[in-house]
Amino acid sequence: MKILKGLLIILLLNATSTHAQYTSPIAAGVDVGASLGSNSWAPSVMYHEEIGSQRLPWLRIGVGFRAWGLYDGRTNLYTERMAGIKDYLEYRDVSVNGLSFVAGVNVSFWKLDIGVNTDLLGLTYGSKRHGYYEKNVPTNGTGAPNYNQWLASKPTLFNALPLALRRNTGQSEAFVRFMATRRVGVKLGYAYTRLTYTTKKSDGFNVYLDNNQRHVSKLYGLPYAALAFGLGN
């Protein structure tokens, strides 16, 4: 059964009762591509389904699933700014893999789809990484015992709305998809990937930075390209 069966029923309620209701086809496809930066890349495979209504056939809403990863070299991940303080951990490299439930909206005309999508819920996993907490201040904060040390951390596991909630990990896209044929096309856009690590406990106790913070993150904005494969209407 199609993921969008429930959405189709809701859209049909908008049709007039004086004539036979119109069933808009469900379009499905798979996008295989990657985002690329100077020292980072983020491959992804996304299955998606979209549906429109009779009244607004050019406006389509969709859901899907995305399997993705992010790999970067030396970088800094930052804490949330609190009381004027924004700390960071310095990493030699970072990496994460994820599986997400995605929702989006797009405008369709001719052979083009122009739209956006974002992760709603997701699971991520990755290797434990050590980040260096470089800190030289005249007064000590709550993270003082960890100043100028390598601290163990790991990617967040359960995530929701990563574009809006900085303590989460996941992806969002703005894109244009051009279907050269019914089955094959290209997709170009810009992908936003948030990567968040959490410091690991030591001897059973939480490891804190200043202001009792344990989460460090970075939002990557990278150009994106993919092959698009249509699965039928």
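Before reading on, note that the structure itself is shown above.
(A) Here's a closer look at the overall build of the protein. Secondary structure summary: the protein contains 1 helix and 13 strands in total. Helices and strands appear in the protein in the N-to-C order α-β-β-β-β-β-β-β-β-β-β-β-β-β. Counting all 233 residues of the protein, 44% fall into the buried class.

(B) Structural detail: the environment of Leu89. For Leu89, the position within the fold is in strand β5 (residues 88-91). Accessibility expressed as a relative area gives 0% for Leu89, which makes it buried. In the structure, Leu89 is positioned 60 residues away from Gln149 in sequence and 9.7 Å away in space, judged by C-alpha atoms. In this structure, Leu89 is in contact with Thr75, Asn76, Leu77, Gly131, Tyr132, Tyr133, Leu151, Thr199, Leu209 and Val216, ignoring residues within four places of it in sequence.

(C) Spotlight on the packing of aromatic side chains. Tallying each qualifying case throughout the model produces 8 aromatic pairs. Judged by centre distance (5.8 Å) and plane angle (45 degrees), the rings of Trp110 and Phe178 are tilted. Taken together, the positions of Trp110 in the loop between β6 (94-109) and β7 (112-125) and Phe178 in strand β11 (residues 170-179) put the pair 68 residues apart, joining distant regions of the chain. By relative accessible area, Trp110 is classed as exposed at 69%. Between Tyr132 and Trp150, the aromatic rings sit 5.2 Å apart at their centres with planes inclined by 50 degrees, giving tilted as the arrangement. Residue Tyr132 is found in strand β8 (residues 129-133), and its partner Trp150 is found in strand β9 (residues 149-155); the two are separated by 18 residues along the sequence. Look at Tyr132 and you get partly exposed, because its relative accessible area is 22%. The ring centre of Trp150 lies 4.4 Å from the NZ or CZ of Arg92, which sits over that ring.

(D) Local environment of a nonpolar patch on the surface. Where nonpolar side chains cluster on the molecular surface, the patch consists of Leu56, Trp58, Leu59, Ile61, Val105, Val107, Phe109, Trp110, Ile114, Val116 and Val176 and spans about 960 Å² of accessible area. Among the secondary structure elements, those contributing two or more residues to the nonpolar patch are β3 (59-72), β6 and β7. Broken down by element, the nonpolar patch gets its largest block of residues, 3 residues, from β6. Structurally, Leu59 is set in strand β3. For Leu59, a relative accessible area of 31% gives the class partly exposed.

(E) Main features of the environment of Asp87. Looking at the secondary structure, you find Asp87 in the loop between β4 (75-78) and β5. C-alpha separation for the pair Asp87 and Glu134, spaced 47 residues apart in sequence, amounts to 8.8 Å. Ignoring sequence-local partners within four residues, the contact set of Asp87 consists of Leu77, Tyr78, Thr79, Tyr133, Lys135, Leu209 and Asp210. At a separation of 2.6 Å, a polar atom in the side chain of Asp87 contacts the side chain of Tyr133. Within the structure, the side chain of Asp87 is placed 3.1 Å from the side chain of Lys135, a separation counted as a polar contact.

(F) View of the environment of Phe101. By the secondary structure assignment, Phe101 is in strand β6. Owing to a relative accessible area of 30%, Phe101 belongs among the partly exposed residues under this scheme. Sequence separation between Phe101 and Gly122 is 21 residues, and the spatial gap between their C-alpha atoms is 6.1 Å. Setting aside its immediate chain neighbours within four residues, Phe101 contacts Val63, Gly64, Phe65, Thr118, Asp119, Leu120 and Leu121.

(G) The side chain of Thr199, seen in detail. With respect to the helices and strands, the residue Thr199 is situated in strand β12 (residues 184-199). Here Val207 takes part through its backbone oxygen, which lies 2.6 Å from a polar atom of the side chain of Thr199. Apart from the residues lying within four places of it in its own chain, the contact partners of Thr199 are Leu89, Ala152, Ser153, Val207 and Arg214.

Scoring rules and cut-offs
Residues numbered from 1 in each chain as written. Predicted model: local features only at pLDDT ≥ 70, side-chain atom pairs only at ≥ 80, totals over all residues. Heavy atoms only, no water. Helix = DSSP H or I, 4+ residues; strand = E, 2+ residues; numbered from the N terminus. Buried < 20%, exposed > 50% of the residue type's maximum accessible area, 1.4 Å probe, protein only. Contact = heavy atoms within 4.5 Å. Phe/Tyr/Trp six-rings, centres within 6.5 Å; stacked < 30°, edge-to-face > 60°. Lys NZ or Arg CZ within 6 Å of the ring centre and 35° of its normal. Patch = residues over 30% accessible without salt bridge, like charges linked within 9 Å, V, L, I, M, F, W, Y side chains within 5 Å. Areas by Shrake-Rupley, 256 points an atom, 1.4 Å probe, with all protein chains shown as cover. Salt bridge = Lys/Arg side-chain N within 4 Å of Asp/Glu carboxyl O. Polar contact = N/O pair within 3.5 Å; in protein donor to acceptor, adjacent residues only side chain to side chain.

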